[in-house]
Amino acid sequence: MSTGPVRPARTGAALLLTALLAALPGLLLTGGPAGAAAVSGTAGSTTPARATPANTTPANTTSANATSATGDPVASPVDFTGAGGTVLHGLLLAAPAATAGTRGPGLVMVPGAGPGPLAELRAAAEAYARHGVTTLVFDKRTDGYSMTHRDYGQLAEDALAAVRLLRARPEVAPDRVGLWGLSEGAWVASLAATRSTEATYLVAVGAVGLTPARQQAWAYRGYLRHAGVHGSLIDALSDTSVRQLTAAGLFPQADYDPVPAWERVRQPVLAEWGTLDREAAPEESATIIRRALDRGGNTHYTLRTVPDVRHNLHLTADDGYDRPDRLPADYAEAESAWIQRLATGLPTASADPAPQQDTRSRALDPLPWYESTWVEAVATLLCLTGFAGYALTGAARRLRRRPRPAALPRAARRAALTGTAALLGALGYLLFLTVTAAMFPGPVLFGRPVVWLAVQLLALFALGSAAVAAAGARRERAALAAAPAADRVRLGALLLAGVVFLPWALSWGLLLP
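Overview of the structure. As the structure is a computational prediction, the values presented were derived from the model and not from experiment.

Looking at the overall build of the chain
No. 1: A count of helical and extended segments in the chain gives 14 helices and eleven strands.
No. 2: By the burial criterion, 52% of the 513 residues in the chain qualify as buried.
No. 3: Of the contacts made within the chain by residues no fewer than 6 positions apart, 78% connect residues no fewer than 24 positions apart.
No. 4: Accessible area for the chain stands at about 22600 Å²; split by element, carbon and sulfur atoms hold 60% of it.

Have a look at this one:
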């Protein structure tokens, strides 16, 4: 399947385009320019806020500095200052034996992408604590981290601040404190490890060796195929959408290359991937990270493949494509043993066979000029103005009980309504899939999600109606010339929207199988 631009090449499309263009001159012979509307603002912008206190002790757990009869870890709320002076709130989990004055290893856990409340990792942290590793989890910052903006360097400084807090604890040996990072957190943890020797080891779970954009595109394809989807939607989401978001600056750190950081990591590394990891491109990532460590001269790594678990090493009921919050019975057992052995010596380089991928990731080409962000924005605005403008002005006319001019083709109203629905439906559905990581495409019919199939049918009906309206406008040229200028402008804008909508719909796959 090609990842390059889709070019119109069908006879039917050419005929539609010709008909629409042919109708425009007659409509505008006696009319002046309609003017241009300027739109300003930043899409998806958020206002940074300082990290706020979290509910660090859920109601169904023991209170801070107390243990249950079953020997649950001791939970202690902590606060510390991260990058830029942002106060972060965390929870320290220690084994009961750690309170007796023995100093053992410590671990700071860095979550994957998203809001990252400490509750997400609490169960995992408790598992490490039960195996004798004092563990710190903390709420990810809200100041400087959002869906459209993040700074891995800033997050790395937060992680190192947590390391310094843990090193100062009486139950922790300061020379045995390490970092644990999941997915995006592995990018952060590996970067932090290159900035300070205070972190003496590194555990990476579901680490990605690709750029975020390339990895996300690969994951989108896998999730859609697993749902039974094939055809144009896969390219529209994993190629067109990802490249457009990247070019618009709405995909944060899209081109971040994790390889240079891994080449500079000198600490012992334990990197793990589940055999059912559907998000990290694990076969490629394991190979990339191993080669980076080798190039950097790091001979103290263990690359481990964990059977029958998904991206975050949790259990799965759907071959790795779901996200249940269930830990295996032996979770953290092998990892804690590896951490404990560091006290007696460094590991030698070893690597399990990497998890197998069904498909390889693809490099994402830069957008050509005709698919650039500004061209896309102008085309979308023209389509929306022409279709929605015609529908809204018509609705206003009906509310004022004014008759429809006889010279206006009836098909124009159908084109306006279906064109607006197709355009907004396509963009809205693609945005939904982007935000939900393509996990919930909905019911699938004929290899297409029902929503996407409906949008494709609306697009076809809109173009057909626009072509019929264009033909009617040509027949009624004389009547239209005598009609009010506002009506000519309305119809002209609608037909122009139809002209632009044809290549727009092709580029987004609405007119492709």
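Points about the nonpolar core
No. 1: In terms of nonpolar packing, the biggest core is built from 58 residues, with Leu233, Trp452, Leu491, Leu494, Phe501, Trp504 and Leu510 touching the most fellow members.
No. 2: Of all the secondary structure elements, the ones that give two or more residues to this core are helix H5 (212-226), helix H6 (232-247), helix H10 (373-399), helix H11 (410-435), helix H12 (450-475) and helix H14 (485-507).
No. 3: Residues Val110, Ala161, Val163 and Trp262 belong to the second largest nonpolar core, which totals 53 residues.

Some points on the packing of aromatic side chains
No. 1: Throughout the structure, instances matching the rule amount to twelve aromatic pairs.
No. 2: Aromatic pair Tyr223 and Tyr321: ring centres 5.2 Å apart, planes at 90°, arrangement edge-to-face. Here the residue Tyr223 occupies a position in helix H5, and Tyr321 occupies one in the loop between strand S8 (301-306) and helix H9 (333-341), the gap between them amounting to 98 residues. Just as Tyr223 is buried, Tyr321 falls in that class too.
No. 3: Taking 5.8 Å as the distance between ring centres and 20° as the angle between the ring planes, the aromatic pair formed by Phe501 and Trp504 counts as stacked. Placement of the pair is Phe501 and Trp504 together in helix H14, with a separation of three residues, close to one helical turn. The same class applies to Phe501 and to Trp504, which are both buried.
No. 4: Every member of this aromatic cluster is reached through a ring pair, and the members are Phe387, Phe501, Trp504 and Trp508.

Topic: the side chain of His89
No. 1: Note that His89 resides in strand S2 (residues 87-94).
No. 2: A polar side-chain atom of His89 sits 2.8 Å from a polar atom in the side chain of Asp79.

Let's talk about empty space enclosed by the protein
Which parts of space are left empty comes out when a probe the size of a water molecule is rolled across the atoms.
No. 1: Applying the stated criterion across every chain yields a total of two cavities of 30 Å³ or more.
No. 2: Looking at the largest cavity, its volume works out to about 90 Å³.
No. 3: Lining the largest cavity are Val110, Pro111, Phe138, Asp139, Lys140, Arg141, Leu155, Asp158, Glu184, Gly185 and Val188.
No. 4: Those elements that provide at least two residues to the lining of the largest cavity are helix H3 (152-167) and helix H4 (184-195).
No. 5: With three residues, H4 is the single largest residue contributor to the lining of the largest cavity.

Quick notes on the sheet that holds strand S7 (residues 269-274)
No. 1: Read across the sheet, nine strands follow the order S1-S2-S4-S3-S5-S6-S7-S8-S9 without closing on themselves; strand pairing throughout is mixed. In this open sheet, the two strands that pair with only one neighbour each are strand S1 (74-81) and strand S9 (350-351).
No. 2: The pairing of S8 with S9 spans two bridges and is classified as parallel. Pairing of Thr302 across the sheet is with Ser350, part of S9.
No. 3: Each of S7, S8 and S9 is contacted by helix H8 (residues 282-295), which is oriented at about 170° to S8, the strand it contacts most.
No. 4: The sheet strands contacting H9 are strand S3 (104-110), strand S5 (172-182), strand S6 (202-205), S7 and S8, and the helix crosses S7 at an angle near 170°.

Some remarks on unusual backbone geometry
No. 1: A positive phi angle, close to 55°, is found at Ser183, a residue other than glycine.
No. 2: Tracing the backbone shows Ser183 in the loop between S5 and H4.
No. 3: A relative accessible area of 15% means that Ser183 is categorised as buried.
No. 4: One non-glycine residue, Ala332, lies in positive phi territory at about 75°.
No. 5: Here Ala332 lies in the loop between S8 and H9.

A closer look at the packing of H3 against H4
No. 1: Following both chains from N to C, one finds H3 and H4 inclined at 70°, their axes separated by 8 Å at the closest point. Classified by the angle between their axes, H3 and H4 sit roughly perpendicular to one another. You can see that H3 and H4 cross each other, and the crossing is right-handed. Along the contact surface, H3 presents Tyr152, Gly153, Leu155, Ala156, Glu157 and Leu160, while H4 presents Glu184, Trp187, Val188, Leu191, Ala192 and Arg195.
No. 2: Its residues assigned to classes, the contact of H3 with H4 comprises eight nonpolar, one polar and three charged.

Notes on the pattern of salt bridges
No. 1: Applying the stated criterion across every chain, the model contains 20 salt bridges.
No. 2: In this structure, Glu126 engages Arg130 in a salt bridge whose closest nitrogen and oxygen atoms are separated by 4.0 Å. Taken together, the residues span about one helical turn, with Glu126 and Arg130 both in helix H2 (residues 119-130) at a distance of four residues.
No. 3: A relative accessible area of 47% means that Arg130 is categorised as partly exposed.
No. 4: Via salt bridges that share partners, Asp72, Arg122, Glu126 and Arg130 belong to a single interconnected network.

Digging into the packing of H12 against H14
No. 1: At their nearest, the axes of H12 and H14 sit 10 Å apart, and the two run at 135° to each other. As far as their axial angle goes, H14 and H12 are oblique. By crossing handedness, the relation of H12 to H14 is classed as left-handed. Here Ala459, Ala462, Leu463, Ala466, Ala469, Ala470 and Ala473 of H12 lie close against H14, whose contacting residues are Leu491, Leu495, Gly498, Phe501 and Leu502.
No. 2: Residue composition of the contact of H12 with H14, grouped by class: eleven nonpolar, one polar and no charged.

Some words on H10
No. 1: The first and last C-alpha atoms of H10 sit 37 Å apart over 27 residues, in line with the 39 Å expected at 1.5 Å per residue.
No. 2: Along its length, H10 reaches its greatest deviation from straightness, about 25°, at Gly389.
No. 3: Turning to H10, its buried residues are Val375, Glu376, Ala379, Thr380, Cys383, Gly386, Phe387, Ala388, Tyr390, Ala391, Gly394 and Arg397.
No. 4: Its buried side turned inward, H10 meets H6, H11 and H14.
No. 5: Following H10 by one or two positions, Arg401 has its phi on the positive side, about 60°.

A look at the pairing of S3
No. 1: With seven of its seven residues buried, S3 lies for the most part within the structure.
No. 2: The sheet contact formed by S3 and S5 spans six bridges and is parallel. Bridge assignment links Val108 to a residue of S5, and that residue is Leu179.
No. 3: For S3 and strand S4 (residues 134-138), the ladder comprises three bridges, and the chain directions are parallel. Bridge pairing in S4 links Val108 to Leu136.

Parameters at a glance
Residues numbered from 1 in each chain as written. Predicted model: local features only at pLDDT ≥ 70, side-chain atom pairs only at ≥ 80, totals over all residues. Heavy atoms only, no water. Helix = DSSP H or I, 4+ residues; strand = E, 2+ residues; numbered from the N terminus. Buried < 20%, exposed > 50% of the residue type's maximum accessible area, 1.4 Å probe, protein only. Contact = heavy atoms within 4.5 Å. Areas by Shrake-Rupley, 256 points an atom, 1.4 Å probe, with all protein chains shown as cover. Core = buried A, V, L, I, M, F, W, Y, C linked by side-chain atoms within 4.5 Å. Phe/Tyr/Trp six-rings, centres within 6.5 Å; stacked < 30°, edge-to-face > 60°. Polar contact = N/O pair within 3.5 Å; in protein donor to acceptor, adjacent residues only side chain to side chain. 1 Å grid on protein atoms, 1.4 Å probe; cavity = no way out; pocket = protein on both sides within 12 Å on 5 of 7 lines; lining within 4 Å. Points joined across faces, edges and corners; volume = space filled by probe spheres on them. Pairing = 2+ DSSP bridges. Axes fitted to C-alpha atoms, helices over the stretch in contact; angles between N-to-C directions. Parallel < 35°, antiparallel > 145°, perpendicular 65-115°, else oblique. Left-handed = near helix turned anticlockwise from the far one by under 90°. Nonpolar A, V, L, I, M, F, W, Y, C, P; charged D, E, K, R; others polar. Salt bridge = Lys/Arg side-chain N within 4 Å of Asp/Glu carboxyl O. Expected span 1.5 Å × (residues − 1). Bend = angle between axes of the 7 residues up to and from the residue.

Read these as layout, nothing more, since geometry by itself doesn't imply function.
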